[in-house]
Amino acid sequence: MTVDEKYMQRCIQLAQNGLGTTYPNPLVGSVIVSENDEILGEGWHKKSGEPHAEVNAVLDAEKNGYGKDAFVKAVLYVNLEPCSHTGKTPPCASMIVKKGFKKVVIGSLDPHEKVAGKGVAILKEVGIDVTVGVLEKECNFLNKRFFTFHRKKRPYIILKWAETADGFIAPAEKDEQKPVWITNSYSRQLSHRLRAEENAILIGAQTVIDDNPSLTCRDWHGINPTRIVLDSRNTLNKNYVVFDNQAPTITIDSNNPENIIKELYNNQIQSVIIEGGSRTIQQFIDANLWDEAMQFMGTEILFYNGLPAPKINGYHTILDRVTIKQDVLKTYLNA
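Model, not experiment: these values are computed from the prediction.

(A) Inspection of the layout of surface pockets at higher detail. In this structure, the second largest pocket occupies an estimated 670 Å³ of space. Lining the second largest pocket we find 33 residues, and of these Asn25, Pro26, His85, His112 and Phe146 sit closest to its centre. Of all the secondary structure elements, the ones that give two or more residues to the lining of the second largest pocket are α2 (53-63) and α7 (144-152). In terms of residues, the lining of the second largest pocket owes the most to one element, α7, which gives three residues. Residues belonging to the lining of the second largest pocket are distributed by class as follows: 13 nonpolar, 12 polar and eight charged.

Written out as structure tokens, the structure reads:
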């Protein structure tokens, strides 16, 4: 691993601290390194409207007693191109110029139409040495939600379900469940952490009727996702828990995956967990409208008969496989 790769990896680590709190902004981390290979300051973007990663890194360095004399000889690392426009905060590219940096190393270019190379141009115009593309693949994957939203004009789509050892997602008759949990408490806590990391969570009307879920991250500290409910027949009243004030809820009058995704994009949803039921998840698989699938597999045969779990078709790869006590979580990537 080169020196540039080492510090870009650190930027990625820092950026991950903002997962679930920066929407609609991307995940960004920044590190300032002296000519003697000493970290002068580092920071990450924490929340939309608050300072960006580069600003936080500079503030950290200044708190540590460093200023323009040190910045002139230092390298500023950042996993995403510095912004070039004024939004809720001033442009970072202009700040970098003002602080006197002479070298900047960037992971990937920003696909947002308001940036898209303009940040790099500002730096180069004043003679700053700019390197782009260090750990670019890793930096792109870090911001898979932000990049998918701006490049493909749709949210990043994660399918998630739990299934029994013999492949069922629920009993044939709902009154058989009293309730019966397919996975253990650790898997369920992880499921709530995942909710806190994503922008929205989606279920069909029948799941609301059968389970009356809250769809919050109550077993994990974080921001509850926006709740998306598919109700093409207008069958749901507002007495269900999903319509309470714990999180925003959007009702979509469609069961067509293409139409649903367009509606989510129009509502500025950058990522969505599609959690059920089985028919809803399978529709997105069959339409090839998914990016990741998370299959929680329990160890017991609970129902003997029931609703079959979704089946992934098409070309895909296994991104990860982890054991959670006795449960297994397989994560698939749509290739």
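(B) Region of interest: the packing of α2 against helix α4 (residues 92-99). Interaxial distance between α2 and α4 falls to 10 Å at its minimum, and their mutual angle equals 30 degrees. Between α2 and α4, the angle is such that the two are roughly parallel. Contact with α2, carried on its side by Glu54, Val55, Val58 and Glu62, involves Cys92, Met95, Ile96 and Lys99 of α4 and no other residues of that element. Class assignment of the residues belonging to the contact of α2 with α4 gives a composition of five nonpolar, no polar and three charged.

(C) A look at the packing of aromatic side chains. This model, assessed by the stated rule, comprises four aromatic pairs. Between Phe71 and Phe101 the ring centres are 4.8 Å apart and the planes differ by 20 degrees, which places this aromatic pair in the stacked class. Placement of the pair is Phe71 in helix α3 (residues 68-73) and Phe101 in the loop between α4 and β4 (103-108), with a sequence separation of 30 residues. In this structure, Phe71 and Phe101 share a single accessibility class: buried. With centroids separated by 4.7 Å and ring planes inclined at 35 degrees, the aromatic side chains of Phe149 and Tyr265 adopt a geometry described as tilted. Of the two residues, Phe149 sits in helix α7 while Tyr265 sits in helix α10 (residues 257-266), which places them 116 residues apart along the sequence. Here Lys46 stacks its cationic end above the ring of Trp44, 5.0 Å away from the centre of that ring.

(D) Local environment of the state of the cysteines. Within the structure shown, the criterion is met by zero disulfides. Of all cysteine sulfurs in the structure, the one in Cys92 sits closest to Cys83, which takes part in no disulfide; the separation is 3.8 Å.

(E) Structural view of the sheet that holds strand β5 (residues 129-132). Ordered in space as β2-β1-β3-β4-β5, the five strands form an open sheet in which the pairing is mixed. Single-partner strands in this sheet number two, and they are β2 (39-44) and β5. Going from strand to strand, the sheet's axes swing by 15 degrees on average, the running direction of each strand aside. With four bridges joining them, strand β1 (residues 29-33) and strand β3 (residues 75-80) adopt antiparallel strand pairing. Following the sheet pairing, Val33 is matched in β3 by Val75.

Reading guide: rules and limits
- Residues numbered from 1 in each chain as written.
- Predicted model: local features only at pLDDT ≥ 70, side-chain atom pairs only at ≥ 80, totals over all residues.
- Heavy atoms only, no water.
- 1 Å grid on protein atoms, 1.4 Å probe; cavity = no way out; pocket = protein on both sides within 12 Å on 5 of 7 lines; lining within 4 Å.
- Points joined across faces, edges and corners; volume = space filled by probe spheres on them.
- Helix = DSSP H or I, 4+ residues; strand = E, 2+ residues; numbered from the N terminus.
- Nonpolar A, V, L, I, M, F, W, Y, C, P; charged D, E, K, R; others polar.
- Axes fitted to C-alpha atoms, helices over the stretch in contact; angles between N-to-C directions.
- Parallel < 35°, antiparallel > 145°, perpendicular 65-115°, else oblique.
- Contact = heavy atoms within 4.5 Å.
- Phe/Tyr/Trp six-rings, centres within 6.5 Å; stacked < 30°, edge-to-face > 60°.
- Buried < 20%, exposed > 50% of the residue type's maximum accessible area, 1.4 Å probe, protein only.
- Lys NZ or Arg CZ within 6 Å of the ring centre and 35° of its normal.
- Disulfide = S-S within 2.5 Å.
- Pairing = 2+ DSSP bridges.

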